[in-house]
Amino acid sequence: MHGKCAHLPTIRKILDVAVHPNVAICWNCNKQDLEGAGLAANFAMVKDRLGATTHIHDLIHNPYPHKEFFELMADANYTGWLMLEEGKLPKTDTVAALAEQRKVFDKMWAQAQDS
């Protein structure tokens with residue numbers, strides 16, 4: 001879900017050809033997810049082929065609509081791993097920053113499952 005293949009219509013075309021059950025996507029919470037008809041429509045395009053890992057980014061400072069995304073994942077009954085992928089090191093205590101992300105994650109995921 002990176003580079004020239006990051007656009008969801010392109011990924012859908014690839015999935016339509018790569019029909020083996022072991023072929024899945026690792027959703028990456030890219031800005032391309034929001035293009036065209038928007039996050040919900042793009043997610044619907046590929047939700048049937050989500051893999052066991054999904055990358056999420058900074059839940060506090062990143063403008064990606066994580067709340068909406070978590071609701072889409074909960075509605076899809078996603079049971080894979082949601083993994084924090086963040087390249088920037090915090091300027092303060094790394095462990096405390098990670099704990100803060102986890103707290104926000106737990107709250108957002110619980111709210112998504114309740115909606």
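See the structure printed just above.
Since we're looking at a predicted model, the values are computed, not measured. (Residues numbered from 1 in each chain as written. Predicted model: local features only at pLDDT ≥ 70, side-chain atom pairs only at ≥ 80, totals over all residues. Heavy atoms only, no water.)

A.B. asks: Honestly, the nonpolar core in this entry has me stumped. Any pointers?
C.D. replies: Note that soluble globular proteins tend to have their nonpolar side chains buried in a common cluster. Trp-27, Ile-56, Phe-69, Phe-70, Met-73 and Leu-82 are the most contacted members of the largest nonpolar core, which totals 24 residues. Within the residue set of this core, elements represented by two or more residues are helix H1 (8–17), helix H2 (39–46), helix H3 (66–75) and helix H4 (94–114). Among the elements that make up this core, the one with the highest residue count is H3 (5 residues). With residues near it in sequence (within four places) discarded, Met-73 still touches Phe-43, Leu-50, Thr-54, Tyr-78, Leu-82 and Trp-109. (Core = buried A, V, L, I, M, F, W, Y, C linked by side-chain atoms within 4.5 Å. Buried < 20%, exposed > 50% of the residue type's maximum accessible area, 1.4 Å probe, protein only. Helix = DSSP H or I, 4+ residues; strand = E, 2+ residues; numbered from the N terminus. Contact = heavy atoms within 4.5 Å.)

A.B. asks: How should I be thinking about the environment of Ser-115 in this particular structure?
C.D. replies: Residue placement: Ser-115 occurs in the segment after H4. Looking at Ser-115, the relative accessible area reads 57%, which means it is exposed. Once the C-alpha coordinates of Ser-115 and Ala-74 are considered, the two residues, 41 residues apart in sequence, prove to be 8.7 Å apart. A polar contact is formed between the side chain of Ser-115 and the backbone oxygen of Ala-112, at a distance of 3.0 Å. (Polar contact = N/O pair within 3.5 Å; in protein donor to acceptor, adjacent residues only side chain to side chain.)

A.B. asks: Is there a simple way to think about the pairing of strand E2 (residues 81–84) in this case?
C.D. replies: Sheet faces and side chains relate simply in a regular strand, where the side chains alternate between the two faces. With 4 bridges joining them, strand E1 (residues 53–56) and E2 adopt parallel strand pairing. Across the sheet, Ile-56 pairs through a bridge with Leu-84, a residue of E2. (Pairing = 2+ DSSP bridges.)

A.B. asks: I would appreciate a short explanation of the pattern of salt bridges in the present structure.
C.D. replies: Should their charged atoms come close, side chains of opposite charge can pair. Inspection of the entire model under this criterion finds 4 salt bridges. Between Asp-48 and Arg-12 there is a salt bridge; the shortest N-O distance is 2.9 Å. Taken together, the residues Asp-48 in the loop between H2 and E1 and Arg-12 in helix H1 connect sequence positions 36 residues apart. In this structure, Arg-102 and Asp-106 form a salt bridge, with 2.9 Å as the shortest nitrogen-oxygen distance. Of this pair, Arg-102 and Asp-106 both sit in helix H4, separated by 4 residues, roughly a single helical turn. Its relative accessible area of 52% is what places Arg-102 among the exposed residues. Three or more residues joined by partner-sharing salt bridges are found here, namely Arg-12, Asp-16 and Asp-48. (Salt bridge = Lys/Arg side-chain N within 4 Å of Asp/Glu carboxyl O.)

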